[in-house]
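# Coordinates in review
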Amino acid sequence: MIKIARRSVVLGAATVAFSALLTAMPAAATTGTAESSQGVHTDVSSPTKTFTTAGKDVPVGAWRDHGFHASKAYFTFDLRPYRGAVVGHAEAYATETAANDCAKPRVTEMWVTDPATAPTWLRQPKERVKLPGPGAPAGCLGDRVEWDATQAVSAALAAGEESVTLALRMPDDRRFDPSYGRRVANRLHLDLDYNRPPSVPANLMVGHKPCGADPVYTPDNPVQITGVVDDPDRSQVAAKVTIWPADDPANRRELGPGSAGTAPHHVLFRLPADFITDGRVYHWTMQGVDSVDNGLTGPASAPCSFIADRVAPASAPVVTSADYPNDGAPHGFVGIPGKFTIDAKGDQDVIGFATGNGYVPADRPGGVATVQYTPTVPFDAFRVWPVDRASNFGPGTHYGFSARSSKPGVAFDVVDVKAGEPVRLDFTPGAMPGVVEYVYDFGAAGDVVVPAGPDGAATVTVTPAMPWASLTVSGRTREGWTSERWDGMVELGNGTPTVSSSTYPADRPGGGVGVPGDFTFTSTRPGVTGFVYTVDYGEPVPVLAENGTATISLTPDKAGYHNIEVTSTNADGSASTPRRHVFIVNG
């Protein structure tokens, strides 16, 4: 609360009561000063004329010049900025500029009148209420002569008036006595201590969902509602909530006010669980409550509605796909999207589905949705959950399927290459149809795009700075589909062997459980006498080489990914850098 600084006053009998009023002010949140319109006055010597005062002071009471004059002065204050406010104190004051006789006491009166549009002596606005005062510092002229306008301003605001008119005049028994006449500046001022009610609450939400025309479905227990209460005076403000069932409006419950905070204040209410029934529509409103004038309540928000739904859908949806059937056989290609249909099978509680790529609405409650999904690995899965209006998730469906590998072919010969020398990389599309370009990253230097030739192949030359470098390669089609990525290492020199298998090619599905396959190890390193290999990180197995080549046979006992790691060896015990061959066993 801010208090107005006031001058001490000369405490005559009238001003003692006036001063007592100044010490009995209720709490207020804001202090302000309003300026009146320019004063107008009347004159008994020209009884049908209104006198304006632009740039001049205003006569009050009687005076003589070339004739006899007597006047009343009228000033109007705009109250629209204070509409709805509770006025703690209002003090109107005038600045005196002249007095006809300083020996005479100040007897100037201030009255509330009807609006003064064009007052004249013969057509004076009706005088309604005389204000307490005046109070002023000692001396002939007061630069702040005060009247208590609290009741006058409060009554005008309560009546919905947009302005209030105040008149300065002399008492009836002094109005024609020139010795009491005075002059004042042509504008009055009004000091106000006031408090405006809180604004209409905003940003109303049920849980994390904003209020709207339709009821908000919420899974929360207890139901949580929030809003922002504000106050034009930026004072401490709290909130209260009224809630009722839509089908029983007389059954109302009021919550709050809660704890106050500085405006704008975010508030949260947890609704009593014993009042909320699942599936029933409830309405609620929120109001701001001012903590300066306890109980000063702002206007209520428009009703917000919600339905509590704490029960999730009961059944998992059914998924089908003509592009990628889950029949155990590979279809399509990794990197090429397919359509998947999700069906709630008539469950009216389901309005949509949550997938790994986000939410998709059903075409109707209990209906279907079709989405596009792109497999990223040969053995992929499409996962989906049913969702109700309150965002409850029901049991999910795991739709597993197989896609053909679309890894590009990558070939290079680096046995006799040293760091700083060029390396040729050959890319082929593999099984991926329609490849028009490749995206490769050599040595983690960033993606480079190279166009493919008419046969879908491309060749690039790179110069490694180190004895080894990472390499990733993907093919890309005209439609923008990206193949499965080839990911490996380019290791220079030291006779790194190669591994080949027609039954179990690198990084592609092949063979099957119980199906034997030959693996051929080859090294161009001089003096190679054998190879040492491991299967799935098992025990090392040596095998003799003939002309730098050896062949072994393996029979996988389970489907999925497997690897062979091979190192060439020489008679002197030296060994090459290992080569890893990853292959996929069909299941």
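Residues numbered from 1 in each chain as written. Predicted model: local features only at pLDDT ≥ 70, side-chain atom pairs only at ≥ 80, totals over all residues. Heavy atoms only, no water.

### A closer look at the overall build of the chain
Counting its secondary structure elements, the chain contains two helices and 48 strands. Relative to a compact globule of 587 residues, whose C-alpha radius of gyration would be 25 Å, the chain shows 46 Å and is clearly more extended. Seen through its principal axes, the chain has C-alpha atoms that stretch 140 × 65 × 45 Å. By the burial criterion, 47% of the 587 residues in the chain qualify as buried. (Helix = DSSP H or I, 4+ residues; strand = E, 2+ residues; numbered from the N terminus. Rg over C-alpha atoms; globule rule 2.2 N^0.38 Å. Buried < 20%, exposed > 50% of the residue type's maximum accessible area, 1.4 Å probe, protein only.)

### Details of the environment of Pro115
With respect to the helices, strands and loops of the structure, Pro115 is situated in the loop between strand 9 (109-113) and strand 10 (127-130). For the pair Pro115 and His562, spaced 447 residues apart in sequence, the C-alpha separation works out to 97 Å. Setting aside chain neighbours within four positions, we find Pro115 in contact with Pro125 and Thr165. (Contact = heavy atoms within 4.5 Å.)

### Side note on the pattern of salt bridges
Applying the stated criterion across every chain yields a total of 29 salt bridges. With its nearest N and O atoms 3.9 Å apart, the salt bridge here joins Arg187 to Glu35. Of the two residues, Arg187 is situated in the loop between strand 13 (182-184) and strand 14 (189-195) and Glu35 in strand 1 (residues 30-35); the sequence distance between them amounts to 152 residues. What makes Arg187 partly exposed here is its relative accessible area of 28%. For Glu35, a relative accessible area of 47% translates into the label partly exposed. (Salt bridge = Lys/Arg side-chain N within 4 Å of Asp/Glu carboxyl O.)

### Some details on the sheet that holds strand 40 (residues 486-491)
Pairing is antiparallel in the open sheet, where four strands are placed in the order 37-36-39-40. The open sheet terminates on both sides in strands that have one partner only, identified here as strand 37 (448-451) and strand 40. This sheet shows a mean twist of 30° between the axes of neighbouring strands, independent of strand direction. Across four bridges, the pairing between strand 36 (residues 435-442) and strand 37 is antiparallel. The residue of strand 37 that forms the bridge with Tyr440 is Val448. (Pairing = 2+ DSSP bridges. Axes fitted to C-alpha atoms, helices over the stretch in contact; angles between N-to-C directions.)

### Regarding the state of the cysteines
In this structure the tally under the stated criterion is two disulfides. A sulfur-sulfur distance of 1.7 Å marks the disulfide that ties Cys102 to Cys140. Around the S-S axis, the bridge from Cys102 to Cys140 shows a dihedral of about -70° and counts as left-handed. Here Cys102, found in the loop between strand 8 (96-99) and strand 9, pairs with Cys140, found in the loop between strand 10 and strand 11 (145-148); they are 38 residues apart in sequence, far enough to count as distant. (Disulfide = S-S within 2.5 Å.)

### Brief notes about the sheet that holds strand 31 (residues 368-373)
What the three strands build is an open sheet, ordered 26-28-31; its pairing is antiparallel. The sheet is open, and its two edges are formed by strand 26 (318-320) and strand 31, each paired on a single side. Geometrically, the sheet is characterised by an average inter-axis angle of 25° between neighbouring strands, direction not taken into account.

### Describing helix 2 (residues 150-158)
For helix 2, the set of buried residues is Thr150, Ala152, Val153, Ala156 and Leu157. Looking at the buried positions of helix 2, the neighbouring elements they touch are strand 7 (86-94), strand 9, strand 11, strand 12 (163-169) and strand 14. Looking one or two places after helix 2, you find Gly160, whose phi comes out positive at around 80°.

### With respect to the confidence of the model for the chain
Detailed reading of the predicted coordinates is not advisable wherever pLDDT falls low. Taken as a whole, the chain shows an average pLDDT of 91; of its residues, 94% reach a score of 70 or greater. Under a pLDDT of 50 for its full length, residues 1-27 has, in the predicted model, 48 contacts with residues more than four places off or in other chains. (pLDDT = per-residue confidence, 0-100.)

### A short note on the pairing of strand 15 (residues 202-206)
Sheet topology note: the strand 15/strand 18 (residues 224-229) ladder contains three bridges and is antiparallel. The residue bridging Ala202 from the neighbouring strand is Val228, located in strand 18. With two bridges joining them, strand 15 and strand 16 (residues 209-210) adopt antiparallel strand pairing. Looking at strand 16, one finds that Met205 is bridged to Pro210. The turn linking strand 15 back onto strand 16 is made up of two residues, and Gly207 within it adopts a positive phi angle of 65°.

### Quick word on the nonpolar core
Phe340, Phe353, Phe382, Phe427, Tyr440 and Leu471 are the most contacted members of the largest nonpolar core, which has 42 residues in total. Among the elements that take part in this core, strand 36 stands out by supplying four residues, more than any other. The next biggest cluster of nonpolar side chains, apart from the first, holds 33 residues, and it includes Val60, Phe75, Val153 and Tyr194. (Core = buried A, V, L, I, M, F, W, Y, C linked by side-chain atoms within 4.5 Å.)

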